[in-house]
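Understanding the architecture of this molecule
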Amino acid sequence: MPTKRPGPLPADTIFGVEDQPPWTTVAVAAVQHIGLLATNFVVALVVLEAAGVTEDTRNGAISMVMIMCGLGTLLQACRRGPVSSGYLVPIVASAVYVGPALAAVQLGGLPLLAGMLMFAGAVEMALSRALHRLRPFFPPEIAGLVIFLVGTTIAVLGVRDMFGIGFGTPPSLMHGWIAALTLGLMVALQVWGGAWGKLAGPLIGVVLGYAAAAAGGLVSVDAFAHVARLPLIAAPDLSHLGWAFDPRLMIPFALAALASAVKTMGTIALAQRVNDATWVRLEMKSARRGVLGDGLTTFLGGGLGSVVGANPGSSNAGLVLATGVASRSVAWPTGLLLIAMAFIPTASVLLIQVPKPVSGAVLAFSACFIMSSGIQMIASRMLDARKTLVIGLAFGAGLSAEVFPDLARHVPDWLGPVVGSPLVCGMLLGLCLNAAFRIGVRQRATLRLPTEGDRVHALKHFIELQGERWGARRDVMHRAEYALDQLIEAVIEHGEPRGDITVSLSFDEFSVAGAVDYLGIGLQFPEQRPSADEIVDTLDGVRRLAGFLLRRSADRISTVALAEGSRVEMIFDH
C-alpha cells in the first residue's frame, strides 16, 4: 500500500485512492477502464498475426492476455504486500515489448516468446530492488518528461486511428464523422456535463460511437455472425502453451524490461500526484513495489502463455485524471471482469472489434490529461540550462523516433527496441543526459553580505540564481529566501555582529540548507514562546521571541558555536 496516507486531494479528484465511491460510480469506472484496456489488445493481435497462428490459438492467447491484465490490476491495488503500488493502475498489454516479441516469434514461435517474457519479468523484478539508487536520477522533471512522452505517444496513436492514417485503404467519410462524434461527446460531457458527465462521458462516447459505427457499416457483419455462433462460456485454448529460451534475445528483452520499469515509475508518479495536492516527488517505496508487481505480472503472463508483457495503462491513467475517480475500489471489478471475460468468448471478440475511430477518439481524449499533467510536473521546477537541454533533447529524440520509424532498421538488432519506440528512446536518453549533466553541478554556494546597506536584493538574486542552477522547486526557494532574510535581520538586531555576514546555501535534491555565519552572540530558538512579561522586561525575552518565530519558518533550525563567532543552520525539505 502507499507508505503514507496521501495528502489533501487535488481539486479535480473526486474520489481518492482511500475513498469508497457509490457502487454505480465504481461500475461505470470499471467498464470504462475495460473498454480502454481493449484498445491495447491490438498489440497482442499484431504479434499473433506475425506468428501465423490459427483462430483458436489466437483466441486462447488473447484470453491469457486478459487473465494477465486482470491479475496485474488486482495485484497493483492490494493495500499490503511487497508487490503492489497500492494505487488504481490498471494493467494493459504493453507496446514496449512488441519489437522483441516479433523477433522472438520469428526465431522460435510462441514458446520462445513465452520463455523470453518470463526472463524479462525476472529482469524487471531484479531492477525494482535497485530503484532506490535511481532516485537522484529520477527527479520530478524527468517523471514529468516520461508522462508527457506517454501522452504524446497515445495522442499520435489516437490521431492515426481517428483519421485512418496508415490504413491500407483510405478511410470513408463516415469514419471521420464517427471519430468526431465520439470525441465531441466526450469533450462536451467533460466540460458541460457536470459531475456525472465527467464520470460517465468516456463510456457514453464509446457506447454511442460503437453504435454509430455499427449502423454506418464500420463493424464487420461477419464478426457479429461469428459471435452468435460462439458458446457462452468456454475454457481458453492452450495448445500454444510452451516455453523456450534464446540467449540472442536477452539484450532486447532486458532493455524492454528497463523501459517497462521506468514507464511504471512514471505512471505511479502520476497516480501519487492525482491523490495528493501537495505531491512534490516520486515516493520510491510505492514505486519499487509497483515495479516489482509489474515484473511479476509479466513473468506470470509468460508462464500462462501471454504474447506480450504487462505495464500500467497510460490511457487508463488519463481516464483517472479525466473522471476524477482514483479509488482502488475500481480495480477489483476491473480485474475480476477481465479474468471472467477470458472464459466468455463473446465478450473478448466484441472488445477486439472496437472500431478504430472510436478507440482513436478515446485515446486522443485521454492523452490531453496525461500531457497536461506531465507539463505541470516539469514546470514545478526552476529549469536551468542543463534541465532544459535534458527535456528538450529527450523530447526531440522521442519525436524523431515517431516521425522517422525507419531509423530502427539502421541500428543493431539489440538497439531496435530503443530506437523503434518514441517513448523508450526519449525516456532513456532523458535518464542518461540527466545522469551525465549531474557531473560538475555545484551544489554549494556562499555570499558575503554587509551589515549595512541594501541586502535584500543581493540575497534575493543569490537564492534565485542557485535555485535555477540546481533545478530546485520555486516554492521551496522562495520560502528559504524569506526565512534567511528574516534570520539576517534577527542576527543584525539581536546578535551584535561584527563585520560581514556569510550566507551559505546547499542542495541535495531532498532538502535546501541555508547557513548564516557571523561574529557575534549566538541566537536561541526555543520551542515555547516566551511569556509577555519576559518579552517586555528583558532583552533576552525579545531575543528568544525572535528565535521562536524563526523556528516556525524552517523545517529544522539549529545554532552552532564556532571557534570564532556563531552559525545558524536552517533546513527546508524539498
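So, here is what we can say about the structure in this document.

1. As for the environment of Leu-157
As for its position among the elements, Leu-157 is in helix H6 (residues 140–163). Taking the C-alpha atoms as reference, Leu-157 lies 7.8 Å from Ala-364; in sequence the two are 207 residues apart.

2. Details of a nonpolar patch on the surface
Together, Leu-173, Met-174, Trp-177 and Leu-218 line one region of the surface with nonpolar side chains, adding up to about 450 Å² of accessible area. Structurally, the position occupied by Leu-173 is in helix H7 (residues 173–192). With a relative accessible area of 67%, Leu-173 lands in the exposed category.

3. Some details on helix H11 (residues 284–304)
With 21 residues, H11 should cover 30 Å at 1.5 Å per step; its first-to-last C-alpha distance of 30 Å lies within 8% of that length. The residue sitting at the N-terminus of H11 and contributing the capping side-chain oxygen is Glu-283; that oxygen lies 3.1 Å from the backbone nitrogen of Lys-285. Positive backbone phi, at 100°, marks Gly-305, one or two positions downstream of H11.

4. A word on the nonpolar core
Core analysis: the largest hydrophobic core is formed by 95 residues, its most contacted members being Val-65, Tyr-97, Leu-113, Phe-138, Phe-253 and Val-307. For this core, the leading source of residues is helix H4 (residues 98–128), giving 11 residues. Excluding residues that lie within four positions of it along the chain, Leu-113 makes contacts with Val-47, Ala-101, Ala-104, Val-105, Phe-253 and Val-307. Leu-459, Leu-505, Val-512 and Leu-550 belong to the second largest nonpolar core, which has 33 residues in total.

5. Remarks on the sheet that holds strand S5 (residues 511–518)
Pairing is antiparallel across the open sheet formed by five strands, whose spatial order is S3-S4-S5-S7-S6. A single partner strand is all that each edge strand has here, and the edge strands are strand S3 (444–449) and strand S6 (556–561). With strand direction ignored, the average angle separating the axes of adjacent strands in the sheet is 15°. Of the pairings in the sheet, the one linking S5 to strand S7 (residues 566–573) comprises eight bridges and is antiparallel in character. Note on S7: the bridge partner recorded for Val-512 is Phe-572.

6. Description of the side chain of Thr-73
Looking at where Thr-73 falls in the secondary structure, it is placed in helix H3 (residues 55–77). When its relative accessible area of 1% is taken as the criterion, Thr-73 is described as buried.

7. What to know about the environment of Ala-254
Assignment of secondary structure puts Ala-254 in helix H10 (residues 250–274). Between the C-alpha atoms of Ala-254 and Pro-100, which are 154 residues apart in sequence, the distance is 9.6 Å. In contact with Ala-254, not counting residues within four places along its chain, are Phe-119 and Val-123.

8. Here's the deal with the pattern of salt bridges
Here the structure, examined in full by the defined rule, presents 12 salt bridges. Where Asp-246 meets Arg-248, a salt bridge forms, and the shortest distance between an N and an O atom there is 2.7 Å. For Asp-517, the salt bridge identified is with Arg-567, shortest N-O distance 2.7 Å. Here the residue Asp-517 occupies a position in strand S5, and Arg-567 occupies one in strand S7, the gap between them amounting to 50 residues.

9. Points about the pairing of S6
Alignment of S6 against S7, held across six bridges, turns out to be antiparallel. Looking at S7, one finds that Val-560 is bridged to Arg-567. In textbook terms, the turn of a hairpin is the stretch between consecutive antiparallel strands, and for S6 and S7 this stretch comprises four residues, one of which, Gly-565, has a positive phi near 100°.

10. Brief notes about the state of the cysteines
Tallied over the entire structure, the rule returns zero disulfides. Cys-425 provides the cysteine sulfur closest to Cys-432, a residue in no disulfide bond, and the two sulfurs are 10 Å apart.

11. Here's the deal with the packing of H3 against helix H13 (residues 331–341)
Put simply, H3 and H13 touch, their axes get as near as 7 Å, and they point 160° apart. In terms of their interaxial angle, H3 and H13 are classed as roughly antiparallel. The interaxial crossing formed by H3 with H13 has left-handed handedness. Here Met-66, Ile-67, Cys-69, Gly-70, Leu-71, Thr-73, Leu-74 and Ala-77 of H3 come into contact with H13, specifically with Ala-331, Trp-332, Thr-334, Gly-335, Leu-336, Leu-338, Ile-339 and Met-341. Classifying every residue of the contact of H3 with H13 by side-chain character gives 12 nonpolar, four polar and no charged.

12. Some words on the packing of aromatic side chains
Taken as a whole and assessed by the stated rule, the structure comprises three aromatic pairs. Plain terms: the ring middles of Phe-365 and Phe-369 are 5.3 Å apart, the flat faces sit at 65° to each other, and that makes the pair edge-to-face. Of this pair, Phe-365 and Phe-369 both sit in helix H15 (residues 356–379), four residues apart, roughly one helical turn. Its relative accessible area of 4% is what places Phe-365 among the buried residues. When its relative accessible area of 24% is taken as the criterion, Phe-369 is described as partly exposed.

13. Remarks on the packing of helix H16 (residues 385–403) against helix H18 (residues 422–437)
Closest axis-to-axis distance for the H16/H18 pair is 8 Å, and the angle between their directions is 160°. One element, H16, and the other, H18, form an angle in the roughly antiparallel class. Crossing geometry of H16 relative to H18 is assigned as right-handed. Along the contact surface, H16 presents Arg-386, Lys-387, Leu-389, Val-390, Leu-393, Ala-394, Ala-397, Gly-398, Ala-401 and Glu-402, while H18 presents Pro-422, Cys-425, Gly-426, Leu-429, Gly-430, Leu-433, Asn-434 and Phe-437.

What counts and how
- Residues numbered from 1 in each chain as written.
- Predicted model: local features only at pLDDT ≥ 70, side-chain atom pairs only at ≥ 80, totals over all residues.
- Heavy atoms only, no water.
- Helix = DSSP H or I, 4+ residues; strand = E, 2+ residues; numbered from the N terminus.
- Patch = residues over 30% accessible without salt bridge, like charges linked within 9 Å, V, L, I, M, F, W, Y side chains within 5 Å.
- Areas by Shrake-Rupley, 256 points an atom, 1.4 Å probe, with all protein chains shown as cover.
- Salt bridge = Lys/Arg side-chain N within 4 Å of Asp/Glu carboxyl O.
- Buried < 20%, exposed > 50% of the residue type's maximum accessible area, 1.4 Å probe, protein only.
- Expected span 1.5 Å × (residues − 1).
- Polar contact = N/O pair within 3.5 Å; in protein donor to acceptor, adjacent residues only side chain to side chain.
- Core = buried A, V, L, I, M, F, W, Y, C linked by side-chain atoms within 4.5 Å.
- Contact = heavy atoms within 4.5 Å.
- Pairing = 2+ DSSP bridges.
- Axes fitted to C-alpha atoms, helices over the stretch in contact; angles between N-to-C directions.
- Disulfide = S-S within 2.5 Å.
- Parallel < 35°, antiparallel > 145°, perpendicular 65-115°, else oblique.
- Left-handed = near helix turned anticlockwise from the far one by under 90°.
- Nonpolar A, V, L, I, M, F, W, Y, C, P; charged D, E, K, R; others polar.
- Phe/Tyr/Trp six-rings, centres within 6.5 Å; stacked < 30°, edge-to-face > 60°.

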